[in-house]
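Reading the structure
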Amino acid sequence: MAIDSSPSSSSSSSDDDLLRSLLRLARDVPQYPQPKALPRGSLASLARRCKLLSALFDELLNGADRYLPRGASLCLREIQLVLQRFKALLADCSARSRMRLLLQSDTVSSEFHELNLELATLLDILPMSELEISDDVRDLVDLARRQSRRSQQSVNPNEEDLKSDVLKLIQQIEREIVPERSNLESIFHRLGLDDSISCRDEMECLEREIGDRVAQKWTPAMIALVGLVRYAKCVLFGASTPRPDLSAGKFSFSEQSELNIPQDFRCPISLELMTDPVVVSSGQTYDRESISRWFGSAHATCPKTGQVLTNLELIPNKSLKNLIARWCRENNVPFEVSEPAKIESSSVSANKAALEAARMTATFLVEKLVGSSSVETTNRVVHEIRQLAKLGSDNRDFLAEAGAIPLLVPLFYSTDLNLQLNSVTAVLNLSILEANKRRIMHTEGASSALIHAMAEGVTWRVKENAAASVLSLCSVNSYRRRLGRKQQLVERLVELACNGPDSTKRDALAAVLCLAGERENIARLVDAGVAKMAVEMLDSEEVGETAAAIVAAVSKRGGAEAVSAVPGAITKLVSLMRSGTERARESAAAALVLLCRRIGGSMVQKVAATPGVEWVIWELMGMGTDRARRKAASLGRICRKWAVASALAAGETGHTAALSAVSMAEPVVVASVGSGL
């Protein structure tokens, strides 16, 4: 049988697709809920018109002659576009936050009215006389045209009143007037936000829309409304039942530890999963928010290496960000890839109503915590405080000003798993703000409570977050010394580093490294067994890099003898120079240089006697980072001088001494030539 490839056959097939699409659209549009921005019955009226038009599309599709005249085909294609726009508008209204739909009610009404007029115009010019349809269908199409033409632009009067009341409420909060509960309850009932879950969903939707910049004109009001909804949720519906920890959010320290986040995905400062990794001039990667806060505190050094930075430029690490995003998708962890998906803290800080709403929320929660009489109620309030403390510096400041910290610290001693975890994590989140570090350190019993949490925490998660809190406080030099004077705190950190799961080890080791930055802390660290602990972890893929940095820091500030006394320390450091990460190789080379300088000839002899050390030095000088090359060159010079001095002391001839010196120097010379010197 021959295939008909004539133009008329092709046209008929195209017309069939068009009519099927029109029929499907006419049936889909009425399925959407009535947008509250439109007058009651407006969607029902559109649904009736779609039903009338579906009779036309159905008859044309099933008629004997399904070929459409060119004029009719073009007109129906335009009708298809109008129905698609109706469907898109209704879908968009369904997806919008309730507040945004309220603010844009007049815009939605205007778009709906314009589409009605376009549909009426297209029905006017549709060449009905060219279509083979029944008189009944012609009458139905004419009725649909007249109904579309009669459509008038109007907004639901109830929505206009509600919009006015909401905007007045924002103005009231801007003037620092606490809303009356009855008024707040009435407005939120009319909004359809009747429980904490609907309020939480509304906040998430608003934050997403603000981040996506979908309504620039209303952005300030929407930012204020996020704060208003959060305040109303707490006041009207109380502290909500905490979600499982894995879905609690991405901004608190170690919040996803059960998932065993890859070490390279964590910010070295906050220990959180990085959402916007950037590279500083030292080559280290940090989360943008954490390193910006570090620079904002008048620091000009790399937090991890201690190097003075040549500049404070931040370069986005896009490849790492893509890897983190992929890992998050595979593990069902929320992660916003695009920058606009977050509300900038500066936008909130510049919004008077948002700030006042946040202050009112913080004050309400702290007052609620004071009056809590049961463990369950206390846990819910503390969880809300924990969540609020994740959401920006202003919230952390308001919570601390309201007196949250002295109320949270005693809860570290709770035997309730959730309450202890929420209180420790809340203090951890609060400690991100520089001013709150001082408040925590001046809170009576805070240090003892942290020690208790690390020693007696109900779960490893509690111990881990307590260690992360110590790390956060140690970013201030004076507090680093004060905390380092507490032998029990040092011992607990070393104990966690030795015995904890990987995520806990990372937090504890980072805190130990920070404490090792102060010379007066080294003796207590050595007494706690830090040298043996760090050396044993040098060959760990997970924490070997941090362990090497600890060995170097301890060796530099008075603990060289303790490190050298650990069996296998030199062999492990040389091995790490050969096969470790760039950062680990730097630290291993630095540690060996420091050990040789602090201890002297006996240590140099051990290093020089280690098999393969010459070639490791040569390789690092030729292929390492700038810092690694410098340290390797220093180590090579030390070994060379020792070889010459040993030869002379042994009474060898000048010729033999020279040969011995050349033997140690040869790799260094080759490295220099390989570097183009």
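Keep in mind the model is a prediction, meaning the values are calculated, not measured.

**Considerations on the overall build of the chain**
A count of helices and strands for the chain gives 33 helices and 3 strands. Within the chain, the fraction of its 677 residues that count as buried is 52%. In the chain, of all internal contacts separated by at least 6 residues, the share reaching a separation of at least 24 is 71%. About 30000 Å² of surface is accessible on the chain, with carbon and sulfur atoms providing 51% of the total.

**Quick word on helix α28 (residues 569-579)**
Within the span of α28, buried status applies to Ala569, Ile570, Leu573, Val574, Leu576 and Met577. Projected down its long axis, α28 carries its buried residues within an arc of 155°, all on one side. The exposed set on the far side of α28, more than 90 degrees from its buried face, consists of Thr571 and Ser579. Close packing links the buried residues of α28 with α26 (530-536), α27 (544-564), α29 (582-599), α30 (601-609), α31 (613-623) and α32 (626-649).

**Comments concerning unusual backbone geometry**
Residues other than glycine seldom take positive phi values, yet Glu176 does so here, at roughly 65°. Mapped onto the elements, Glu176 comes out in the loop between α7 (157-174) and α8 (181-191).

**Thoughts on the sheet that holds strand β3 (residues 315-316)**
Strand order in the open sheet formed by 3 strands is β2-β1-β3, and the pairing between neighbours is antiparallel. Among the strands making up the open sheet, the edge pair consists of β2 (285-287) and β3. As paired strands, strand β1 (residues 277-279) and β3 are joined by 2 bridges and run antiparallel to one another. Its bridge partner being in β3, Val278 is matched across the sheet by Pro316. The sheet contacts of helix α11 (residues 288-296) involve β1, β2 and β3, and relative to β2 the element is tilted by about 95°.

**Side note on the nonpolar core**
With 114 residues, the main nonpolar core has Leu399, Leu408, Val470, Leu493, Met577 and Val607 as its most contacted residues. Ranked by size, the runner-up nonpolar core spans 41 residues in total, among them Leu22, Leu56, Leu101 and Leu122.

**Considering the pattern of salt bridges**
By the definition in use, this model includes 31 salt bridges. Across the pair Arg583 and Glu586 runs a salt bridge whose closest N-O atoms are separated by 3.9 Å. Separated by 3 residues within a single helix, Arg583 and Glu586 lie in helix α29, roughly one turn from each other. Assessed through its relative accessible area of 8%, Glu586 is described here as buried. Because the salt bridges share partners, they merge into one network encompassing Asp124, Asp142, Arg145, Arg146 and Arg149.

**Some details on the side chain of Asn429**
Of note, Asn429 is situated in helix α18 (residues 417-430). Classification of Asn429 by relative accessible area gives buried; the value is 0%. A polar side-chain atom of Asn429 sits 3.3 Å from the main-chain carbonyl oxygen of Arg386.

**Describing the confidence of the model for the chain**
Per-residue confidence for the chain gives a mean pLDDT of 83; residues scoring 70 or more make up 86%. Within the chain, helix α17 (residues 404-408) carries the highest mean pLDDT (96), whereas helix α33 (residues 654-674) carries the lowest (41). Here residues 244-258 is modelled with pLDDT under 50, and outside its nearest four sequence neighbours on either side it reaches 52 contacts, counting other chains as well. Taken together, the stretch residues 653-677 has pLDDT below 50 and engages in 24 contacts with residues farther than four places along the chain or on a different chain.

**Here we look at the packing of aromatic side chains**
For the structure on display, the rule yields 3 aromatic pairs. Ring centres 5.4 Å apart and planes at 70° place the aromatic pair Phe86 and Phe112 in the edge-to-face group. On the criterion of sequence distance, the pair formed by Phe86 in helix α3 (residues 70-95) and Phe112 in helix α5 (residues 105-125) is long-range, its members being 26 residues apart. Measuring from ring centre to ring centre gives 5.6 Å for Trp615 and Trp618, while their planes differ by 85°; the resulting arrangement is edge-to-face. Residue Trp615 and its partner Trp618 are located together in helix α31, separated by 3 residues, close to a single helical turn. Just above the ring of Trp460 sits the side chain of Lys463; from NZ or CZ to the centre is 4.4 Å.

Thresholds, definitions, all that
Residues numbered from 1 in each chain as written. Predicted model: local features only at pLDDT ≥ 70, side-chain atom pairs only at ≥ 80, totals over all residues. Heavy atoms only, no water. Helix = DSSP H or I, 4+ residues; strand = E, 2+ residues; numbered from the N terminus. Buried < 20%, exposed > 50% of the residue type's maximum accessible area, 1.4 Å probe, protein only. Contact = heavy atoms within 4.5 Å. Areas by Shrake-Rupley, 256 points an atom, 1.4 Å probe, with all protein chains shown as cover. Arc of directions from axis to C-beta. Pairing = 2+ DSSP bridges. Axes fitted to C-alpha atoms, helices over the stretch in contact; angles between N-to-C directions. Core = buried A, V, L, I, M, F, W, Y, C linked by side-chain atoms within 4.5 Å. Salt bridge = Lys/Arg side-chain N within 4 Å of Asp/Glu carboxyl O. Polar contact = N/O pair within 3.5 Å; in protein donor to acceptor, adjacent residues only side chain to side chain. pLDDT = per-residue confidence, 0-100. Phe/Tyr/Trp six-rings, centres within 6.5 Å; stacked < 30°, edge-to-face > 60°. Lys NZ or Arg CZ within 6 Å of the ring centre and 35° of its normal.

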